[in-house]
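The lines below spell out each chain.
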Amino acid sequence: MPYTQVGSLSIHYRTAGEGAPLILLHGLGNNSQSWSRQLAGLQDHFQVIAWDTPGYGDSSDPDPEFRTFGELADILKGFIDSLGFKKVFLLGHSMGSTLAMDFCSKYPEYVEALILAASTRGGRTNPETNERKLKNRLHNVENLPPQELAELRTPDMFSPYAPPEAIAEAKRIMSMVRPPGYRSVAYSLYHADQTEKLSSITMPTMLICGEDDKVTPVAESRIVEQGIAGSSLELIARAGHLCYIEQPEEFNRLVLTFLQTYNEGEAS
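Here the residue index of a chain counts from 1 through its sequence in written order. Where local features are concerned, this predicted model is filtered to residues with pLDDT of at least 70; where side-chain atom pairs are given and counted, the filter is 80 or more; whole-chain, interface and lining totals use all residues. Side-chain numbers come from the whole structure's heavy atoms, not from hydrogens or water.

## With respect to the overall build of the protein
Convention followed: Segments assigned H or I by DSSP are reported as helices when at least four residues long, segments assigned E as strands when at least two residues long, and all are numbered from the N terminus. For this measure, only C-alpha atoms enter the radius of gyration; the expected value for a globule follows 2.2 Å times N^0.38, where N is the number of residues. The criterion used for residue contact is that any of the two residues' heavy atoms lie within 4.5 Å. To be clear on the numbers: accessible area is Shrake-Rupley with a 1.4 Å probe, and residue cover counts the displayed protein chains and nothing else.
When helices and strands are counted, the protein shows ten helices and eight strands. The C-alpha atoms of the protein give a radius of gyration of 17 Å, which matches the 18 Å a tight globule of 268 residues would have. Seen through its principal axes, the protein has C-alpha atoms that stretch 50 × 40 × 35 Å. The long-range fraction of contacts in the protein, counting pairs at least 24 apart against all pairs at least 6 apart in sequence, stands at 77%. Total accessible area on the protein is roughly 10800 Å²; 48% of this is exposed by carbon and sulfur atoms.

## Digging into the sheet that holds strand β1 (residues 3-6)
Note the following rule: Paired strands, in this sense, are two strands between which DSSP finds at least two bridges. Think of each axis as a best-fit line through the C-alpha atoms, taken over the contacting stretch in the case of a helix, with angles from 0 to 180 degrees between the N-to-C directions.
Strand order in this open sheet of eight strands is β1-β2-β4-β3-β5-β6-β7-β8, and the pairing throughout is mixed. At either margin of the open sheet sits one strand with a lone partner, and together these are β1 and β8 (232-236). For this sheet the average axis-to-axis angle between neighbouring strands, irrespective of direction, equals 25°. On the sheet, helix α8 (residues 218-227) packs against β6 (111-117), β7 (205-210) and β8 and is oriented at approximately 165° with respect to β8.

## Details of helix α4 (residues 127-143)
Worth spelling out the cut-off: Here, expected helix span is obtained from the residue count minus one, scaled by 1.5 Å.
A rise of 1.5 Å per residue sets the reference length of α4, with its 17 residues, at 24 Å; its end C-alpha atoms lie 25 Å apart and thus fit the reference within 8%. The elements touched by buried residues of α4 are α5 (146-153) and α7 (179-191).

## A short note on the UniProt feature "domain: AB hydrolase-1" (unreviewed entry) in the protein
This is how the line gets drawn: UniProt positions are given in the numbering used here, feature names are shortened, and annotations may be inferred rather than shown by experiment.
Residues annotated in UniProt with the feature "domain: AB hydrolase-1" (unreviewed entry) correspond here to residues 21-247. Within the segment residues 21-247, helix and strand shares are 42% and 15% respectively, and the terminal C-alpha atoms sit 23 Å apart.

## Considerations on the pairing of β8
Going by this rule: The handedness rule is simple: strands pointing away from the viewer, and a clockwise path from the first strand over the helix to the second, make the crossover right-handed.
Where β7 meets β8, five bridges bridge the pair, whose relative direction is parallel. What sits directly across from glycine 210, in β8, is isoleucine 236. Tracing the backbone out of β7, into α8 and back to the parallel element β8 gives a crossover that is right-handed.

## Regarding the pattern of salt bridges
Note the threshold: We define a salt bridge as a contact between a side-chain nitrogen of Lys or Arg and a carboxyl oxygen of Asp or Glu at a distance within 4 Å. For every residue, the accessible area (1.4 Å probe, protein chains only) is compared with the maximum for its type, and the residue is labelled buried under 20%, exposed over 50%, or partly exposed between those bounds.
The final tally for this structure, using the stated rule, is twelve salt bridges. In this structure, glutamate 169 engages arginine 37 in a salt bridge whose closest nitrogen and oxygen atoms are separated by 2.6 Å. Of the two residues, glutamate 169 sits in helix α6 (residues 164-174) while arginine 37 sits in helix α1 (residues 36-42), which places them 132 residues apart along the sequence. Since its relative accessible area comes to 15%, glutamate 169 is described here as buried. Across the salt bridge formed by glutamate 151 and lysine 171, the nearest N and O atoms sit 3.1 Å from each other. With glutamate 151 in helix α5 and lysine 171 in helix α6, this pair connects stretches of sequence that are 20 residues apart. Looking at lysine 171, the relative accessible area reads 24%, which means it is partly exposed.

## Concerning the pairing of β6
Burial of β6 is extensive: seven of the seven residues sit out of reach of the surface. Pairing analysis gives six bridges linking strand β5 (residues 88-93) to β6, with the strands arranged parallel. Paired with histidine 93 across the strands is alanine 117, a residue of β6. Regarding topology, helix α3 (residues 95-106) serves as the crossover connection from β5 to the parallel β6, and that connection is right-handed.

## Section: the nonpolar core
Side chains of a nonpolar character, in soluble globular proteins, are inclined to be buried together. The test is simple: Nonpolar cores were defined as sets of buried Ala, Val, Leu, Ile, Met, Phe, Trp, Tyr and Cys residues, with membership established by side-chain atoms within 4.5 Å.
Ranked by internal contacts, the top residues of the largest apolar core, which has 50 residues, are Trp51, Leu76, Phe79, Leu90, Phe103 and Leu114. Of all the elements, helix α2 (residues 69-82) adds the most residues to this core, at seven residues. Among residues more than four places away in sequence, those in contact with phenylalanine 103 are Ala73, Leu76, Lys77, Ile80, Leu90, Pro108, Tyr110 and Val111. Counting 33 residues, the second-largest nonpolar core is a separate cluster that includes Leu24, Phe89, Met206 and Leu242.

## Quick look at the packing of aromatic side chains
Rules: The aromatic pairing rule takes the rings of Phe, Tyr and Trp, using the six-membered ring of Trp, and pairs them if the centres are within 6.5 Å, calling planes under 30 degrees apart stacked, those over 60 edge-to-face and the rest tilted. In this scheme, the term charge over a ring applies when either NZ of a lysine or CZ of an arginine sits within 6 Å of the ring centre and within 35 degrees of the ring normal.
Applying the stated criterion across every chain, the model contains nine aromatic pairs. Where tryptophan 51 meets phenylalanine 79, the ring centres are 5.3 Å apart and the plane angle is 55°; that geometry is what we call tilted. Of this pair, tryptophan 51 sits in strand β4 (residues 47-51) while phenylalanine 79 sits in helix α2; the two residues are 28 residues apart in sequence, bridging distant segments of the chain. Judged by its relative accessible area of 0%, tryptophan 51 is buried. Where phenylalanine 103 meets tyrosine 107, the ring centres are 5.4 Å apart and the plane angle is 45°; that geometry is what we call tilted. Pair check on accessibility: phenylalanine 103 and tyrosine 107 agree, each one buried. An aromatic cluster is built from Tyr13, Trp51 and Phe79, whose rings are joined through pairwise contacts. For arginine 238, the ring lying beneath its charged end belongs to tyrosine 161, and the centroid distance is 3.8 Å.

This is the structure in structure tokens:
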């Protein structure tokens, strides 16, 4: 399993294929294992790289824990630098999309093209629920056994059509969450509102959302689409929040169709 060092952090990642680098950023309750279908399905076209966010999977815990996506964007820059890439394709899911927006606003020269899946601008866009969501997340990760936390959160991640094996896999992966990573991301989502950053995102951008997403509904993706000039939104039928797990063939097809336009570009 490959690791790279970013400051004091040991960052674990999974990789498959050769070619232009495609970096995958997972969401709040996942880790690099959740991208197995993308590593397998896209490796003939890209070097696909799925990282474990600090405090997740096999990456080391952040100390001190981070509280904003700006801090995490700096770590992501260090990760990309450590692998020797000057430009990448970037794909973020849910919380990973919020990080991707911050990264593209802060380090636009690194990103050839951007994909935002199940995107969310962050908790501060909804003050009525933001405080409650943070308190619930902190309480759950600090007081519930990981398996119980996974049982609590996973059902909302899928459409009614999801195969049982996909749900079981998501529960298994979410049961791996650790408090330092989960707390860091929970606080970052609490502090985030990427609305003002959207106009600064100028690289080609595609959004993907499951039609049955209850966590980050299609309406949120439409707001992000309107804020990023020239972006497009693709919907996946019979898919919920974890659309890349639930409908991987369609998800991968959308990714490949969008990125093949730029695959002869500067990502290297």
